[in-house]
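# Chain and residue survey
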Amino acid sequence: GDSVTQMEGPVTLSEEAFLTINCTYTATGYPSLFWYVQYPGEGLQLLLKATKADDKGSNKGFEATYRKETTSFHLEKGSVQVSDSAVYFCALRRAGSNYQLIWGAGTKLIIKP
Amino acid sequence: EAQVTQNPRYLITVTGKKLTVTCSQNMNHEYMSWYRQDPGLGLRQIYYSMNVEVTDKGDVPEGYKVSRKEKRNFPLILESPSPNQTSLYFCASSQQGGYGYTFGSGTRLTVV
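Summarised in this report is the structure supplied together with it. These numbers were taken from a predicted model, which means no experiment stands behind them.

## What about the packing of aromatic side chains?
Here the structure, examined in full by the defined rule, presents 15 aromatic pairs over all chains. Ring geometry for B:Tyr31 and B:Tyr101: centres 5.5 Å apart, planes at 35°, overall tilted. Highlighted residues: B:Tyr31 in strand E4 (residues 31-38) and B:Tyr101 in the loop between strand E9 (87-94) and strand E10 (102-103), separated in sequence by 70 residues. You'll find B:Tyr31 and B:Tyr101 in the same group, each marked buried. With 6.3 Å between their ring centres and 80° between their planes, B:Phe90 and B:Phe103 make a pair best called edge-to-face. Taken together, the residues span a long stretch of sequence, with B:Phe90 in strand E9 and B:Phe103 in strand E10 at a distance of 13 residues. With respect to burial, B:Phe90 and B:Phe103 carry one shared label: buried. We note A:Lys68 situated over the ring of A:Tyr30; from NZ or CZ to the ring centre the distance is 4.3 Å.

Rendered as structure tokens:
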């Protein structure tokens, strides 16, 4: 069945470091792909999304490119800040589905000053 | 402001005492869903609803009930809570087309 695999955390980086959080998926057809972020004590918020192959989603300095050939949607940021410390979730929506999302396990990111 | 409102934010209860966690959205979304979040297990879907009077089980429905009598409300009911239902619960809603979910702020439930 469809699934999403994220790199295990926590990921610990120093401020201004380059960030990559890996996300790969298994799905038939062309799913839509999402990154959500959960700041401490809060609910999840949509960070960015991509709906077709080679699309790049971007928001708040974060980027992710939908790579069909490698079934990946890795999250990147050029220079992280302490305020980026959060849990990041990768998710997919099956092709042809209006609502249901399949979630990765989440990756905790810790940024040290 | 467009939002999903859950109440309460924190709840401590005893085993077997029925409780309801409320969820309300003001965006006229058709789809609503309940998740629980546990360390190391990520998000697991409990129940979801595609529209009024239409509900279906998610991955972990045992011990929970839901209802969708109005479009804006989707309460989660624990008829007889047990300690293994201690968790962080999130309600989410979405409009048709999967434009992403809007989440509530969460309810931290402890069953002793």
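## Concerning the interface of chain B and chain A
Taken together, the contact pairs 23 residues of chain B with 17 residues of chain A. At the boundary of chain B with chain A, total buried surface from both sides reaches about 1600 Å², with 53% on carbon and sulfur atoms. Counting the contacts that link chain B with chain A gives zero salt bridges. Applying the counting criterion to the chain B and chain A interface returns five residue pairs in polar contact (both at pLDDT 80 or more). No other element matches the five residues that strand E5 (residues 42-51) of chain B contributes to the side of chain B that touches chain A.

## Concerning the pairing of strand E5 (residues 32-38) of chain A
Residues and elements named next belong to chain A. With seven of its seven residues buried, E5 lies for the most part within the structure. Neither face of E5 is left uncovered, since the one carrying Ser-32, Phe-34, Tyr-36 and Gln-38 and the one carrying Leu-33, Trp-35 and Val-37 both have all their residues buried. As paired elements, E5 and strand E10 (residues 86-93) share seven bridges and run antiparallel to each other. Bridging from a neighbouring strand, Ser-32 pairs with Arg-93 of E10. Looking at chain direction, E5 and strand E6 (residues 44-50) are connected through six bridges and run antiparallel.

Thresholds, definitions, all that
Residue numbering note: each chain is counted from 1, following its sequence as written. By the order in which they are written, chains take letters starting at A while ligands take numbers starting at 1. In keeping with the model being predicted, local features are shown solely for residues with a pLDDT of at least 70 and side-chain atom pairs are shown and tallied solely at 80 or more, while totals for entire chains, interfaces and linings include all residues. As a convention, hydrogens and water are excluded, and side-chain values are obtained from all of the structure's heavy atoms. Between rings of Phe, Tyr and Trp, where Trp is taken as its six-membered ring, a pair exists when centres lie within 6.5 Å; planes separated by under 30 degrees are stacked, by over 60 edge-to-face, and by other angles tilted. Helix and strand assignments follow DSSP, with helices taken as H or I runs no shorter than four residues and strands as E runs no shorter than two, numbered in order from the N terminus. Note on exposure labels: buried denotes an accessible area under 20% of the residue type's maximum, exposed denotes more than 50%, and partly exposed covers the range between, all computed with a 1.4 Å probe on protein chains only. Counted as over-ring charges are cases with an Arg CZ or a Lys NZ within 6 Å of the ring centre that also lie within 35 degrees of the ring normal. Whether two residues are in contact is decided by their heavy atoms: any pair within 4.5 Å suffices. Buried area: the sum, over both parts, of the accessible surface (1.4 Å probe) that disappears when the two are put together. Within this document, salt bridges are pairs made up of a side-chain nitrogen of Lys or Arg and a carboxyl oxygen of Asp or Glu, the two lying within 4 Å of each other. As used in this structure description, the phrase polar contact means that two N or O atoms lie within 3.5 Å; if the pair is within protein, one of them must be able to donate a hydrogen and the other to accept it, and residues adjacent in sequence are counted only when both atoms belong to side chains. Paired strands, in this sense, are two strands between which DSSP finds at least two bridges.

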